[in-house]
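Chain by chain, the residues run as shown.
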Amino acid sequence: MSTIKIAIDGPAGAGKSTIAKIVAKQLGFIYIDTGAMYRAVALKAIKNNIDTKDTDKVCSILHDLDIDIKYDNNGQVVFLDGQDVTQEIRTPEVSIGASNVAAIPEVRIKLVELQRKLAASNNVIMDGRDIGTYVLPDADIKIFLTASVEDRAKRRYEEMIAKNSFCSLEEVKKDIEYRDKNDSSRAFAPLKIAEDAVVIDTTGNELEESLNIVLQLIKERLQ
Ligand code: DC
């Protein structure tokens, strides 16, 4: 049986995961946050005192890497080597580390295998950087969600403050700029717009507006 696949790509803070989660719930699809997988690899490297830019050392932890994604009423739960790391992977250090390990082809090949397996047996909405271009090139709908760096930094900052994380807007903006550059310039499966993607710029939008645009597009395409 063939499954329905929706790809949402775009830079950090564009609203991909917030929108994808809501859409998945409405459609009864599984939401797959591929960034969480890169974050889990980065966390494992950090826990082993490995520099996330050190290709050889990062590759040395891949052979026994055990990442599992499960779903409960609150959404996705990420397990690394049997431990729930759902919260731990959300720190600024892990964000930068994830962008670094994501530039290593061996890491991507390993995680893409898991992502494709999940999409083969479920109707999915998957978000990331290379879903429409590399992971699921045959996706039924491809969306590229973007916004100005100022807007994205502001949203991320507000999210972090709401979770009682201490950070400054300037730090969050720097983190996003670093990752934008790193994620777009890597050689293997970089962040870029798929030729057949619909680009949605959410600059200045309230979440509700962007969500409605995405929902409308998906409804039209799935008819
Ligand atoms: O979506 P996120 O911010 O949680 O992703 C963290 C990092 O992981 C991001 O900066 C780049 C990398 N990533 C990637 O290279 N490819 C993906 N499909 C998802 C994330």
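For the structure itself, consult the block above.
Residues numbered from 1 in each chain as written. Predicted model: local features only at pLDDT ≥ 70, side-chain atom pairs only at ≥ 80, totals over all residues. Heavy atoms only, no water.

## Side note on the sheet that holds strand β5 (residues 83-84)
Right, on to step 1. In spatial order, the strands read β3-β4-β5; together these three strands make up an open sheet with antiparallel pairing. Each edge of the open sheet is held by one strand with a lone partner, namely β3 (67-72) and β5.
Right, on to step 2. Examined bridge by bridge, strand β4 (residues 75-80) and β5 share two bridges and lie antiparallel to one another. Paired with F79 across the strands is D84, a residue of β5.
Right, on to step 3. Packing against the sheet, helix α2 (residues 34-47) makes contact with β3, β4 and β5, and its axis sits at approximately 30° to β4. (Pairing = 2+ DSSP bridges. Helix = DSSP H or I, 4+ residues; strand = E, 2+ residues; numbered from the N terminus. Contact = heavy atoms within 4.5 Å. Axes fitted to C-alpha atoms, helices over the stretch in contact; angles between N-to-C directions.)

## Overview of the environment of I22
Right, on to step 1. Relative to the helices and strands, I22 is located in helix α1 (residues 16-27).
Right, on to step 2. In the structure, I22 is positioned 177 residues away from V199 in sequence and 19 Å away in space, judged by C-alpha atoms.
Right, on to step 3. When near neighbours in sequence (up to four residues on either side) are disregarded, I22 contacts L207 and L211.

## Thoughts on the packing of aromatic side chains
Right, on to step 1. This model, assessed by the stated rule, comprises one aromatic pair.
Right, on to step 2. Geometrically, the ring pair formed by Y134 and F188 is edge-to-face, given 5.4 Å between the ring centres and 70° between the ring planes. Of this pair, Y134 sits in helix α6 (residues 131-135) while F188 is found in the loop between α8 (169-185) and β8 (198-201), placing the two residues 54 residues apart along the sequence.
Right, on to step 3. Judged by relative accessible area, which is 29%, Y134 ranks as partly exposed.
Right, on to step 4. The side chain of K70 reaches across the aromatic face of F79, ending 5.0 Å from its centre.
Right, on to step 5. One Lys or Arg, R116, reaches over the ring of Y134 and ends 5.2 Å from the middle of that ring. (Phe/Tyr/Trp six-rings, centres within 6.5 Å; stacked < 30°, edge-to-face > 60°. Buried < 20%, exposed > 50% of the residue type's maximum accessible area, 1.4 Å probe, protein only. Lys NZ or Arg CZ within 6 Å of the ring centre and 35° of its normal.)

## Quick notes on the site of the ligand
Right, on to step 1. Among the 16 residues in the neighbourhood of the ligand, the closest are listed as R39, R108, R179, D183 and R186.
Right, on to step 2. The separation between an oxygen atom of the ligand and a polar side-chain atom of R129 is 3.0 Å.
Right, on to step 3. If the ligand stood free it would expose 440 Å²; the protein chains cover 97% of that surface.
Right, on to step 4. Within the residue set of the shell around the ligand, elements represented by two or more residues are α2, α4 (92-101) and α8.
Right, on to step 5. Broken down by element, the shell around the ligand gets its largest block of residues, four residues, from α2.
Right, on to step 6. Of the residues in the shell around the ligand, the class split is four nonpolar, four polar and eight charged. (Near = heavy atom within 4 Å. Polar contact = N/O pair within 3.5 Å; in protein donor to acceptor, adjacent residues only side chain to side chain. Areas by Shrake-Rupley, 256 points an atom, 1.4 Å probe, with all protein chains shown as cover. Nonpolar A, V, L, I, M, F, W, Y, C, P; charged D, E, K, R; others polar.)

## Topic: the nonpolar core
Right, on to step 1. Counting 37 residues, the largest nonpolar core has V41, I67, V107 and L111 as the members making the most contacts within it.
Right, on to step 2. Of all the secondary-structure elements, those providing two or more residues to this core are α2, β3, β4, α4, α5 (105-121), β6 (124-128) and α6.
Right, on to step 3. When residues in this core are grouped by element, the largest group, eight residues, is from α2.
Right, on to step 4. Counting residues in each nonpolar core, the second largest holds 19 residues, with I6, I8, A24 and I125 among its members. (Core = buried A, V, L, I, M, F, W, Y, C linked by side-chain atoms within 4.5 Å.)

## Quick notes on the pairing of β3
Right, on to step 1. In terms of strand pairing, β3 meets β4 through six bridges, oriented antiparallel. Its bridge partner being in β4, I67 is matched across the sheet by L80.
Right, on to step 2. Where β3 folds back onto β4 in an antiparallel hairpin, the turn is made up of two residues.

## Notes on the packing of α2 against α4
Right, on to step 1. At a closest axis distance of 8 Å, the pairing of α2 and α4 adopts a crossing angle of 105°. Taken together, the axes of α2 and α4 are roughly perpendicular relative to one another. For the pair formed by α2 and α4, the contact residues are Y38, R39, V41, A42, L43 and I46 on the first element and E93, V94, S95, G97, A98 and V101 on the second.
Right, on to step 2. By residue class, the composition of the contact of α2 with α4 is eight nonpolar, two polar and two charged. (Parallel < 35°, antiparallel > 145°, perpendicular 65-115°, else oblique.)

All quantities given are derived from atomic positions and should not be read as evidence of function.
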